[in-house]
Amino acid sequence: MRTGGPEEPVERVPSPSRLRHPERSVPRLRADLVGLLCDRVPAGARAALSFGAAIDHLTGTVYGSAPLWGEETAPYDVAAELRRRRPDVTWHLVNDVTAALLDFAAVHARPGIRRVAYLTVSSGIALRTADLEQHRIPVDDLGLQGEVGHLPVALTAPGSDVLAGLPCECGARDHLASVASGPGLARAAERLGLARPAQVADWLPGALAADDPGARRLLELCVAPVAELLRTMWCLDPHLDLIGIGGGVAEGLSGPYAAEIRRLLATATSYADRGRDDAWLDERLVFCAPGRVDPLRGAQRVADWRPGITR
């Protein structure tokens, strides 16, 4: 959350979530979140919120957030509750990936770019695409777009069947986030007998730097579905000229993660996908360094883009 202008200080406070407070009920977590936001916004402020959940961008209703509320799918109108509690504040609520996309596009989109997308690989996985020619972010009848983390994953890499059946935070199994998110990497490492889930984040970067075979295998298996997603995106939308990849997993593993994605995309899979060379990828794929894409800063652009979020 950021209030005021871009030069004002930012206070970062952990969100009350199922991951941090597994003992709390979903109604309690939701009430705690609304209370946290309302308590920290000055009187009469304009508050731009970057919210980590599947949101109806036309109404502000939240359909679900596995990291925040686990398996809960009952819709929750966060925007209405915030306005009820603090009617003196002008609330602008947007999904965090949408906000990140707006910030990424503002920094990286060159003249002539037709469509731009941003993919976050973190505690969850999601994607957002904007049409820069029409100045709009298209959404469906539920106000959604790009919730790819909760699509079934195709485990096609050699030996990847060992990861079949891994759970997702939403309660389902074999989703993209089951394997490729931060928690998914931890589950996969445990399934492969490499490390306990709580140790993976500390162990994996150093193990990759040391070229540990187990770490390399883990990265290959968990990155492969992301590379397949990118192939599909470019196949379905040839006007998708630029994709940014960020989030805690992609940024935390940085060089090895980017190298593995590029290696997989360079591999020809059929006559329709002859592989992408370095020059092609350099023009169309950006791996974002930590802190370079700011969803809070992107949320401040919501007022400009709001008329362009359309069905």
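Our structure is the block above this text.
Residues numbered from 1 in each chain as written. Predicted model: local features only at pLDDT ≥ 70, side-chain atom pairs only at ≥ 80, totals over all residues. Heavy atoms only, no water.

Engineer: Honestly, the packing of aromatic side chains in this entry has me stumped. Any pointers?
Structural biologist: Centre-to-centre distance and the angle between the planes together describe a pair of aromatic rings. This structure, assessed with the given rule, holds four aromatic pairs. Aromatic pair Trp69 and Tyr76: ring centres 6.1 Å apart, planes at 80°, arrangement edge-to-face. Relative to Trp280, the ring of Trp234 lies with its centre 4.9 Å away and its plane at 80°, an arrangement referred to as edge-to-face. In this pair, Trp234 is assigned in helix 8 (residues 213–236) and Trp280 in helix 10 (residues 278–284), connecting sequence segments 46 residues apart. (Phe/Tyr/Trp six-rings, centres within 6.5 Å; stacked < 30°, edge-to-face > 60°. Helix = DSSP H or I, 4+ residues; strand = E, 2+ residues; numbered from the N terminus.)

Engineer: Help me understand the sheet that holds strand 4 (residues 61–64), please; the structure alone is not making it clear to me.
Structural biologist: Sheets are built from strands paired through backbone hydrogen bonds, the pairs being either parallel or antiparallel. Ordered by their spatial adjacency, three strands build an open sheet running 3-4-5, and the pairing between neighbours is antiparallel. In this open sheet, the two edge strands, each paired with only one partner strand, are strand 3 (54–55) and strand 5 (76–77). Summarising the sheet, strand 3 and strand 4 pair through two bridges and their orientation is antiparallel. Note that in strand 4 the partner of Ile55 across the bridge is Val62. (Pairing = 2+ DSSP bridges.)

Engineer: Just to check I follow, could you spell out the side chain of Gln145 for this structure?
Structural biologist: Residue placement: Gln145 occurs in the loop between strand 9 (137–138) and helix 5 (176–180). Residue classification places Gln145 among the buried positions, given a relative accessible area of 16%. At a separation of 2.7 Å, a polar atom in the side chain of Gln145 contacts the main-chain carbonyl oxygen of Pro138. (Buried < 20%, exposed > 50% of the residue type's maximum accessible area, 1.4 Å probe, protein only. Polar contact = N/O pair within 3.5 Å; in protein donor to acceptor, adjacent residues only side chain to side chain.)

Engineer: Teacher, can you tell me more about the pattern of salt bridges here?
Structural biologist: Two side chains with opposite charge may pair up if their charged atoms get near one another. Using the criterion set out here, one finds 20 salt bridges in the structure. Note that Arg84 is salt-bridged to Glu81, the shortest N-O span being 2.6 Å. Taken as a pair, Arg84 and Glu81 lie in helix 3 (residues 78–85) at a separation of three residues, close to a single helical turn. Classification of Arg84 as exposed rests on a relative accessible area of 56%. Among the salt bridges present, the one from Glu228 reaches Arg231, with a minimum N-O distance of 3.1 Å. Of the two residues, Glu228 and Arg231 both sit in helix 8, three residues apart, roughly one turn of that helix. We classify Glu228 as partly exposed; its relative accessible area is 34%. When salt bridges with common partners are traced through the structure, they connect Glu23, Arg24, Arg28 and Asp32 into a single cluster. (Salt bridge = Lys/Arg side-chain N within 4 Å of Asp/Glu carboxyl O.)

None of this, on its own, says anything about what the molecule does.
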